[in-house]
Every structure is written in structure tokens, then in C-alpha cells.
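# Fold and contact review
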Amino acid sequence: MLVGQLKKRGHDLRRRPFLLLVLSLFILALLLELQGKLKPIPSAAIHVAATPSSSSSRLPTSTTTSGTTISGSDLLEAGDMALSEGILEQAIEYYEQGIALVVRNNGDTHSTMLETLLSLYTNLATAYSSISDEDGSSKNYLNYQRKAIENYENAVQLYRRTFVDLEDGNSNSKQALDNNNNIMERKEVCTQIVAQASFFLGMVHQDLHQVTPAVNAYRYAHELDPLHWSSWANLGSILHDELNNHREALQAYNQAYLLLTSPNNDVTDPPEDLNHVLSQLQYRIGLCITHDPNKTCAVPKGLRQVANSREAASATTENIEVVDCNEMATHAFALAVQYDPDHENAKHMLATITADASMKRASNQYVQNLFDDYAVNFEHSLVDELHYTGFERLRRGFDRALMKVFHTTTADASTTISRTASAKSFAKVLDAGCGTGLVGEQFRNISDILIGVDLSSAILREAEKARPNLYNQLLAGDLIDVLEGEEHRNSIDLIVAADSYIYFGDLDPLFAAMYKGLKEPNRTSNESNKTSSKNNNDAVFVAFTLENVSKDAEATLSESKPDWRWQLTASGRFAHRKEYVIATGQRHGLTLVHYETLDNFRYEQGQGVRGHLFVMTKTVATTTNNQSTAKTYSNSKNEAINSARTNEL
């Protein structure tokens, strides 16, 4: 049997002191007072691939060749050779001939051929499941997967029929196996084969999104082989990702982690990159703990001082103590980073749950991974499920800002907005964090050239599918690099960003880049001492939305940290204080011309999210005494900011 290998990469284990002594695998999650779910950041499931490898070894088979006669074992060996070389059709032919030959010779009732037949069924299924398909939806591909399921099940049923009948005293099976002097050893080998077959059966079901059969197959795999860590890990991924059963998922991940960290480490198919797998397991343990803010966590009493996984595994409700779930999740995410220092999602969640003051923005890799995984369902989830309206409200707010800037008023406010928007167009508009084009579509009618920028190439492809020809140019990359780059520096008339800047905490680098990207306003029309930009058709703008903290959090922060700037929320996004945003803009030559609150612009766990909308205009740069200064052309008040260092939450 060719054993599949885990997709892996190498990382060094960072060894550093860690204050908490309690391993998160000890957690017995007591999910009490469940009132809602916190949707975890998307992440790839731990999944063992059934892709054949020439370096893999097949499970043992019986070889009974006599002279030049071809036996089932010969055909199994030939099929394995073809499978290892990727010649799948030839492998399938050999395996099917071998099965027919063994069954014709009553091999399913003869112990000497039982292992061979089990291996033939299992490897035939593996050959079928290895046939690839680009989108996994073609009729032939689905037929191949069904044949894989059929043959894995044939192996499982043959095993059950043989050994269950033996244990039940079935005379036919007992008579056939009594001829074997090593009956228990033969059963052990057959059990190993079928445990792998059941595991691979679960994988095929999981790939086809057949959740219940996949769960049953994984459970049977580790029932047959208690040391089969990967069946526990994949079971956890289904319970977590597909069934939202976080309590049982936590137990499954913990069991996989417990097996891999046992002193003997005598597990089935141990991973080559152990640290990478342990990091993934701890990251997912952390997600299970944090999925619901209303649950209670517990550990065995005294376990804070005694790190003994066996005690934890045998703990009962009578000898546990309630602990802070954030403490447990913090430890899990910290272990994930310790095992794999390059695990961006774990680092982000660790900073989120600890409100790390040193974290000033989400890493590019984190945001890219998030939206690459989220790309296909992004718009449906955002608009239909979360009832997101920020993109529409940004355009309406921007129109009101233009009306204010150009002082156009009529009795009918909506008519004024419409006339203002149609009268003013912008030569180059940049949609920052454009996603699938929701915002770009709102601003297309006032854009001569519309450019979309996003870190995720996958979501840009979705934008092209959903709204072909909406953008004149789509750029995959870092926004700051684009704004400061030679192509777009000092050339943009309008920057729009709806729900894109929520992955920045510290806004200074972003605002400095926006100032560089925007073109210079018309200097001559503003050399007078006027304090407004009335009739200045060369004004350039930025319009963006940000999140705000909840009303309760705002009240608390106003008392405890009145000069707070941003807060990293439990969702992994940043919320900003209005006064901080305005003051940061002033420091970088961006003056507020319009502000709106955006209550309930998105919903999470049934609760409306608070936000706010800012429209700023770029001031004219002048040079006095060799020092760069800025001249403001709006009525906005310049708000001071304390230059002393403050603590970000």
C-alpha cells in the first residue's frame, strides 16, 4: 500500500522561555451559555494527501508465485510500480486483474491471500482517487472518486467479514484461518492495511464534501489503529470547518497533538516536518477555544503547576477548575508560533487575543491568505450574510462631501448630490483594497481611469469574473508600494477605500503614502488667503471607512485611556478613534472635509458593527525657510495630538 505524505515545509523551532505551564491540549472545553459564534479566520485544514510517491512503501503482501505462473501478489507488485511512476491506467489494470485472480481462486477465504486482496482493493482505490481534475466537477472525475470509495469499502467490508465472523465463531472463516500458525500477527497486519484504507476513504469523502461518511471513516481508522494521528487531525478539521462542532474538534486536535508529542512518538506515519504539523494543530486548538466568547474553559486541578498530559486526558468533571479561555487560547497560539515562527495566522491571532501593543498592522501574508481563501465566497458572505452596506454608504457620503466642498445647495438635497456628482469627474481614481469591485462599481461613473489594488490575486480574478472591464487596471500588491511607486506617485485625483484600512492600526505610514500618491492641488487658484476650496475644481480627495469600537468599549476607553488610538478587536481587525484619524491626517497634509458615523454597516453574530466615514482633501505644499509646510483649504479644525507615546490596545 502506498502511503500518502503530508504536504509540508521545513521550519526551525524557536526555543524561548514561556511563562504559562499549562498545555492547551489539557483543555476540557465546557461550552456553557452558547449565544453566538465568532467566525474564525479562514485557514486550510490539516489534510493528508493520497498522492502516490516513489519514496513511499507499500503495505506487506503475500507472494506465492510458482514458476512462471502470475499470482495476485505479482500483479499487486506490478500495480504498485506503475502507481509509483504515476502510470495510473496501467496500475488500475494490474490491480483489477489481481483482484479477479485472487477472488477466482477463493482468495477471500484463504489467509495466505487475504493481505494481498486487501492491498489490491486499497491500492486500486488509491489509483482511482489519484486521478486529478482541474475543478473536481467533471463527470469522469466523480465516477473515479466513486470507484475509489467502492474499493476502499470493499477492503473494509472484507476485513469485517473475515475477522468479525471469526470472533463470532463463524466456522468457515475459522477453518480457513486455523491453518495459519500466526493468526494474531496476520490480523495485526491486515488491521494496519484496513486502517489506512479507512483513512483514505475518509479523505475521498471529505474532498467530495460528504461529511458524515468522512467522519465515520476517520473514526473507524483510529478505532482500528489508535496511533493513527492523522485520522484524528482530519476528523478535527471536519468537525471544526464543516460541522461547527468546536468541542469535539478540540478533543480530536488534542488527541492528535497528544500522540505526536508522546515520549515514544511511536505513531503511524509520523510527519516529516513535525514542528509544522504541531503548529497547525495548536493554531486550530486556539481557534476552537476562541470561537465563542460566552463559553467557559477548564483544566484539571493543579495542572497549572504540573504539566502531565496523561493526567489531563483522564480528567473528569469532579477534578477540574474553571480558567480564563483567553489564557488557554493565548498559550495555544503562542505554541503555534513557537513551533513555526512563520505561521502568520497564528501570529495575528496571538496579537488579537493579547491586544499586542506592538502590532501596528496585519501582515501582508496574513491578509493575502485570508482573502485568497475567502475569494470565491467573498461577496456572497459579505453582502448577503453580513448585510454589508459600507460600499454604498461610502459613495453617498462622498457625494455629500462634494456638495459641502463646492457649496452647492438646493431645496432638494438629493438632486444637489446627483448634480454635484455628475458635474465633477476625476481623471484617475484608485480603489484601495478593491476586492471584487463593490466599491469600484459605485465610483465608476465619476472615474475617467479606475485602478483596483488588492493584495490577493485570487480576489482580483473574482473581480474580473464578476465585473469584467470595470477597472482600467488591476494591481496585485501592497497599497503603500503602489502609492509611493513611480507609476502612480503624485498622479491620483481620488483614493477610495471601503473596509480596507481596517487591517492597519498605525495610520501614519498609510497616510504618508496617500499624500505621496495624490497629485498636487492647483496652487495658483489658492494663493490667496481664502480658507475654503470653493470653486477649486482641481481639489483631490481620499474617502474611506474605518471600524469603531462598540459603545460600551468606547465609554470604557474614554475613562481608562482617553488618548487611545486604535484597538485590535477579537475579529482580527483594527478599530480607530475618530480624533486620532483626523489628527493623523493633519500631520500628513490631509484635512477633513466631511465625517459621518456608519452604524450597522456590517453585522457579526447578529450585532451591528459601528464604523465611521472620512473624506479628506490634500493641502497645497509650500516651502518656507527650507522647511516643507502645508497650506489648508478647508474649514476643518486642526486637532492637536499628544506627541507622547501612547499605548495602543
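Residues numbered from 1 in each chain as written. Predicted model: local features only at pLDDT ≥ 70, side-chain atom pairs only at ≥ 80, totals over all residues. Heavy atoms only, no water.

Among all positions of helix H19 (residues 457-466), only Ala458, Ile459, Leu460, Glu462 and Ala463 are buried. For H19, the N-terminal capping position is held by Ser456, with its side-chain oxygen 3.4 Å away from the main-chain nitrogen of Ala458. (Buried < 20%, exposed > 50% of the residue type's maximum accessible area, 1.4 Å probe, protein only. Helix = DSSP H or I, 4+ residues; strand = E, 2+ residues; numbered from the N terminus. Polar contact = N/O pair within 3.5 Å; in protein donor to acceptor, adjacent residues only side chain to side chain.)

Now for the pattern of salt bridges. Throughout the structure, instances matching the rule amount to 16 salt bridges. The partner of Arg467 in a salt bridge is Glu441, and the shortest N-O contact between them spans 3.3 Å. One end of the pair, Arg467, is in the loop between H19 and strand E6 (473-476); the other, Glu441, is in helix H18 (residues 438-443), and 26 residues separate them in sequence. The exposure class of Arg467 is buried, given its relative accessible area of 13%. Given the relative accessible area of 44%, Glu441 is considered partly exposed. Of the charged contacts in the structure, one is a salt bridge between Glu484 and Lys516, with a shortest N-O distance of 3.4 Å. One end of the pair, Glu484, is in helix H20 (residues 479-484); the other, Lys516, is in helix H21 (residues 508-517), with 32 residues separating them in the sequence. Judged by its relative accessible area of 30%, Glu484 is partly exposed. In this structure Lys516 comes out as partly exposed when scored by relative accessible area, which is 30%. Within this structure, Asp499, Glu547, Arg573 and Arg602 form a network of salt bridges that share partners. (Salt bridge = Lys/Arg side-chain N within 4 Å of Asp/Glu carboxyl O.)

Tyr95, Leu118, Tyr152, Tyr159, Leu281, Ile289 and Phe333 are the most contacted members of the largest nonpolar core, which totals 86 residues. At 11 residues, the largest contribution of residues to this core is made by helix H6 (residues 183-207). Apart from the residues within four sequence positions on either side, Tyr95 is in contact with Leu76, Gly79, Asp80, Leu83, Leu120, Asn123, Leu124 and Ala127. Ile495, Ala497, Trp566 and Phe614 belong to the second largest nonpolar core, which has 35 residues in total. (Core = buried A, V, L, I, M, F, W, Y, C linked by side-chain atoms within 4.5 Å. Contact = heavy atoms within 4.5 Å.)

Attention now moves to the packing of aromatic side chains. Using the criterion set out here, one finds 19 aromatic pairs in the structure. Seen from their ring centres, Tyr283 and Phe333 are 6.0 Å apart, and the 50° between their planes marks the pair as tilted. Pair noted here: Tyr283 is in helix H10 (residues 274-290) and Phe333 is in helix H12 (residues 325-339), with a separation of 50 residues, a long-range link. A residue is classified by how much of its surface remains accessible, and Tyr283, at 0% relative accessible area, is buried. One aromatic cluster is present, formed by Tyr501, Phe504, Phe511, Phe544, Tyr595 and Phe614 through successive ring pairs. Lying across the ring of Tyr220, Arg160 places its NZ or CZ 4.1 Å from the centre. (Phe/Tyr/Trp six-rings, centres within 6.5 Å; stacked < 30°, edge-to-face > 60°. Lys NZ or Arg CZ within 6 Å of the ring centre and 35° of its normal.)

With that settled, consider the packing of H10 against H12. As a packed pair, H10 and H12 sit with axes 8 Å apart at the nearest point and diverge in direction by 160°. Judged by the angle between their axes, H10 and H12 are roughly antiparallel. In this structure, the crossing between H10 and H12 has a hand that is left-handed. Seen from H10, the contacting residues are Asn275, Leu278, Ser279, Gln282, Tyr283, Ile285, Gly286, Leu287, Ile289 and Thr290; seen from H12, they are Cys325, Met328, Ala329, Ala332, Phe333, Leu335, Ala336 and Tyr339. (Axes fitted to C-alpha atoms, helices over the stretch in contact; angles between N-to-C directions. Parallel < 35°, antiparallel > 145°, perpendicular 65-115°, else oblique. Left-handed = near helix turned anticlockwise from the far one by under 90°.)

Let's shift gears to the side chain of Asn151. Following the sequence through the fold, Asn151 ends up in helix H4 (residues 139-167). Once residues lying within four places of it in the same chain are set aside, the contact partners of Asn151 are Ile99, Tyr121, Leu124, Ala125 and Tyr128.

Quick look at the environment of Trp229 now. Mapped onto the fold, Trp229 is located in helix H8 (residues 229-241). Sequence separation between Trp229 and Pro270 is 41 residues, and the spatial gap between their C-alpha atoms is 8.0 Å. Here Asp269 takes part through its backbone oxygen, which lies 2.9 Å from a polar atom of the side chain of Trp229.

Where helix H9 (residues 246-260) meets H10, the closest approach of the two axes is 9 Å, and the angle between their N-to-C directions is 155°. Comparing the axis directions of H9 and H10 gives the class roughly antiparallel. Considering only the axes of H9 and H10, their crossing is left-handed. Listed contacts from H10 to His246, Ala249, Leu250, Tyr253, Asn254, Ala256, Tyr257 and Leu260 of H9 are Leu274, Val277, Leu278, Leu281, Gln282, Arg284, Ile285, Cys288 and Ile289.

The next point concerns the side chain of Arg573. With respect to the secondary-structure elements, Arg573 resides in the loop between strand E9 (566-568) and strand E10 (574-576). At 2.7 Å, the side chain of Arg573 forms a polar contact with the side chain of Glu547. Once residues within four sequence positions are removed from consideration, Arg573 is found in contact with Ile502, Tyr503, Glu547, Gln567, Leu568, Arg602 and Glu604.

Bringing the confidence of the model for the protein into the picture now. When pLDDT is low, close inspection of the predicted coordinates is not appropriate. Of the residues in the protein, 66% have a pLDDT of 70 or more, and the chain-wide mean is 75. Mean pLDDT across the elements of the protein bottoms out in strand E1 (residues 28-30) (30) and peaks in strand E7 (residues 494-497) (97). Note that pLDDT drops below 50 for residues 303-315; the model gives that stretch 29 contacts with residues more than four away or on any other chain. (pLDDT = per-residue confidence, 0-100.)

Helix length check: helix H16 (residues 390-405), at 16 residues, gives a terminal C-alpha distance of 22 Å against a target of 22 Å (1.5 Å per residue), a fit within 8%. Counting buried residues in H16 gives 12 out of 16 residues, a clear majority hidden from the surface. Within H16, the full set of buried residues consists of Gly390, Phe391, Arg393, Leu394, Arg395, Gly397, Phe398, Asp399, Ala401, Leu402, Met403 and Val405. (Expected span 1.5 Å × (residues − 1).)

So, about unusual backbone geometry. Keep in mind that most residues, glycine aside, have a negative phi and that most peptide bonds are trans. The residue His209 is not glycine, and still its phi comes out positive at about 60°. Assignment of secondary structure puts His209 in the loop between H6 and helix H7 (211-224). Residue class for His209 comes out exposed when judged on its relative accessible area of 61%. Backbone geometry places Asn244, a non-glycine residue, at a positive phi of 55°. Judged by its relative accessible area of 39%, Asn244 is partly exposed.

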